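The residues making up each chain are set out below.
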Amino acid sequence: MNRQFKFDRITILLYALLVIAGWMTIYAVTSVGGDMSIFAWKMPHGRQLIWMGVSAIAAFVILTLDHRFLEGISYIVYGVGVSLILAALLFGKEINGARSWIFIAGQPFQPSEFAKVGTAMALARYMSALNFSLSDRRNALVAAAIVVVPAIIVILQNDTGSALVFGSFMFVFFREGLNPVIPIAIVVLAIVGVLTLAIANQFIVWGIIIFMGMASFLYFNNKRNTTRILALHVLGVAFLIGISFSTNFLVSKLAPHQQMRIKVLFNSDLDPRGIGYNVNQSKIAIGSGGFFGKGFLNGSYTKYKFVPKQDTDFIFCTVGEEYGWVGSLALLGLFFGLLFRLKQLSELSKTRFARIYGYSVISILFFHVAVNMGMTIGLVPVIGIPLPFFSYGGSSLLAFTVLIFILVNLYSFRNNVLGMKY
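Here goes a summary of the coordinates provided. Just so we're clear, the structure is a prediction, and the values are computed from it rather than from any experiment. (Residues numbered from 1 in each chain as written. Predicted model: local features only at pLDDT ≥ 70, side-chain atom pairs only at ≥ 80, totals over all residues. Heavy atoms only, no water.)

Regarding its fold elements, the chain presents 17 helices and three strands. Here the chain holds 422 residues, and the buried ones make up 48% of them. Surface accessibility of the chain: about 20,800 Å² in total, with carbon and sulfur atoms responsible for 69%. (Helix = DSSP H or I, 4+ residues; strand = E, 2+ residues; numbered from the N terminus. Buried < 20%, exposed > 50% of the residue type's maximum accessible area, 1.4 Å probe, protein only. Areas by Shrake-Rupley, 256 points an atom, 1.4 Å probe, with all protein chains shown as cover.)

Attention now moves to the nonpolar core. Counting residues in hydrophobic clusters, the biggest one holds 96 residues, and the most contacted among them are Tyr357 and Phe389. The contact partners of Phe389, leaving out residues within four places of it in the chain, are Tyr15, Leu18, Val19, Gly22, Trp23, Phe335, Leu338, Leu365, Leu397, Phe400 and Ile404. (Core = buried A, V, L, I, M, F, W, Y, C linked by side-chain atoms within 4.5 Å. Contact = heavy atoms within 4.5 Å.)

Our focus in this paragraph is helix H6 (residues 137-156). Over its 20 residues, H6 runs 27 Å from end to end, which matches the ideal 28 Å to within 8%, given 1.5 Å per residue. Its axis deflected by about 30 degrees at Ile146, H6 carries its strongest bend there, up to four residues before the proline Pro150. Where H6 is buried, its residues touch helix H4 (74-91), helix H5 (111-127), helix H7 (160-165) and helix H8 (170-175). For H6, the N-terminal capping position is held by Asp136, with its side-chain oxygen 2.9 Å away from the main-chain nitrogen of Arg138. Downstream of H6 by a residue or two, Asn158 has a phi angle that is positive, lying close to 70 degrees. (Expected span 1.5 Å × (residues − 1). Bend = angle between axes of the 7 residues up to and from the residue. Polar contact = N/O pair within 3.5 Å; in protein donor to acceptor, adjacent residues only side chain to side chain.)

Applying the stated criterion across every chain yields a total of 14 aromatic pairs. The interplanar angle of 15 degrees and the centroid separation of 5.3 Å between the aromatic rings of Phe291 and Trp325 together place this pair among those described as stacked. Of this pair, Phe291 sits in the loop between helix H13 (275-288) and helix H14 (300-303) while Trp325 is found in helix H15 (residues 316-348), placing the two residues 34 residues apart along the sequence. Following the ring pairs from residue to residue traces out a cluster consisting of Tyr15, Phe389, Phe400 and Phe405. Lying over the aromatic face of Tyr411, Arg414 brings its terminal NZ or CZ to 4.0 Å of the ring centre. (Phe/Tyr/Trp six-rings, centres within 6.5 Å; stacked < 30°, edge-to-face > 60°. Lys NZ or Arg CZ within 6 Å of the ring centre and 35° of its normal.)

This brings us to the sheet that holds strand S2 (residues 98-104). Strand order in the open sheet formed by three strands is S1-S2-S3, with antiparallel pairing between adjacent strands. Every interior strand has two partners, whereas the edge strands, strand S1 (93-95) and strand S3 (107-109), have only one. In this sheet, neighbouring strand axes are inclined to one another by 50 degrees on average, regardless of whether the strands run parallel or antiparallel. Contacts from H4 reach S1, S2 and S3, with the element oriented near 105 degrees to S2. (Pairing = 2+ DSSP bridges. Axes fitted to C-alpha atoms, helices over the stretch in contact; angles between N-to-C directions.)

The next subject is the side chain of Ser349. With respect to the helices and strands, Ser349 occurs in the loop between H15 and helix H16 (352-376). Taking relative accessible area as the criterion, Ser349 reaches 3% and is therefore assigned buried. From its side chain, Ser349 meets the backbone oxygen of Leu345 in a polar contact 2.6 Å long.

Looking now at the pattern of salt bridges. Proximity of charged atoms lets side chains of opposite charge pair with each other. What the rule picks out here adds up to eight salt bridges. Ionic pairing is found between Arg68 and Asp66, a salt bridge with its closest N-O pair at 3.2 Å. Note that Arg175 and Glu347 form a salt bridge whose closest N and O atoms lie 3.1 Å from each other. Of this pair, Arg175 sits in helix H8 while Glu347 sits in helix H15, and the two are 172 residues apart along the sequence. Given the relative accessible area of 27%, Glu347 is considered partly exposed. A cluster of three or more residues bridged by salt bridges with shared partners is formed by Glu176, Arg352 and Arg355. (Salt bridge = Lys/Arg side-chain N within 4 Å of Asp/Glu carboxyl O.)

On to the packing of helix H1 (residues 9-30) against H15. H15 packs onto H1 with a crossing angle of 155 degrees between their chain directions and a minimal axis gap of 10 Å. For the element pair H1 / H15, the angle class is roughly antiparallel. Two packed elements cross with a definite hand, and for H1 against H15 that hand is left-handed. Residues Ile10, Thr11, Leu14, Leu17, Leu18, Met24, Thr25, Ala28 and Val29 of H1 form the contact with H15, whose participating residues are Thr318, Val319, Glu322, Tyr323, Leu331, Leu334, Phe335, Gly337, Leu338, Arg341, Leu342 and Leu345. Per-class residue counts for the contact of H1 with H15 are 15 nonpolar, four polar and two charged. (Parallel < 35°, antiparallel > 145°, perpendicular 65-115°, else oblique. Left-handed = near helix turned anticlockwise from the far one by under 90°. Nonpolar A, V, L, I, M, F, W, Y, C, P; charged D, E, K, R; others polar.)

Here we come to a nonpolar patch on the surface. A surface patch of nonpolar side chains, amounting to about 460 Å² of accessible area, comprises Ile38, Phe39, Trp41, Ile50 and Val54. Within the secondary structure layout, Val54 lies in helix H2 (residues 44-63). A residue is classified by how much of its surface remains accessible, and Val54, at 35% relative accessible area, is partly exposed. (Patch = residues over 30% accessible without salt bridge, like charges linked within 9 Å, V, L, I, M, F, W, Y side chains within 5 Å.)

Purely geometric stuff here, so don't read any function into it on its own.
Dropping the structure here:
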């Protein structure tokens, strides 16, 4: 296909800025005050440089491919991704309680990161079919299965954090016509579950009864069939109360460290030297940065390793300490600038495959950013997912690079696609 090579420069620039800023942050954490060579290949910042090179090569290769080829191999990529996470479950090495790693040439590799790529591609391929409709029950079930299958395997690996990322595909279903009642119901159930963990059950029960009573009173005004509506509201109250009482039971079935992470979310002083230690130290480090921060390589909490896993899960606290509120806000601006641009690329692309794939990328990226930053400041439980482009790890960097540059590739072909997407 004849194509003018006009790739979206804004997306590539935002990507490059985030990758470079991420590497500088990793260097600040692992170089001990900047007194170590940037080419210390045995250190995390040195290895990350290698992965940056690998990711750049992968991005270049992706940009040379035809968009029809990428769409054509979607199911193959999905099959490979599912096979890899299944291999990790059966033969992988257990790290931090999760059997989600395999070793290739002596290097750790997390297949679940690439399973997200395959899931995004396969979901876009299936949902872009000519006769696809979410109102068709069979179509909806198959699309849901594409997402649920890898999520279940990852759960069996005991990697709950990575499994939750697959839940972000709900945004894609909503964009493509899912009945809004379903995501609203999911949000309501989530709110009830969270409040149950934070407040005594009796208060939740009375809250549900009062709220549903007020809703019933407003809805019954000048309405017919009040008996039927009343019966539905009673069932709704009973269902929500059942969710409330079952939440604690379900949490009790989690692993002890997962239970403690949830409890610490609502009481950071519950285990100050154990599970709560990471979050407390992270919040102190971020707060110590003040408005403008202490400056690059001048973070004392960073320099003296007060925060565990600071080069991976808790790397955002280094940004907060060294660059302060202004730097943290600037980083948020870069992430949301990238998300906004990806949304534009998705909507302006002329194929349904590109649009659905683009929203899959947006959903995954947004979930990672929101949850990672949220857990470093104590707003969500610590579930161990990386901050894109910042957390040390080759699997994560390469996977996010592939995700973004596939969309850049698809967008670059928009002028070669006849007609408008449907």
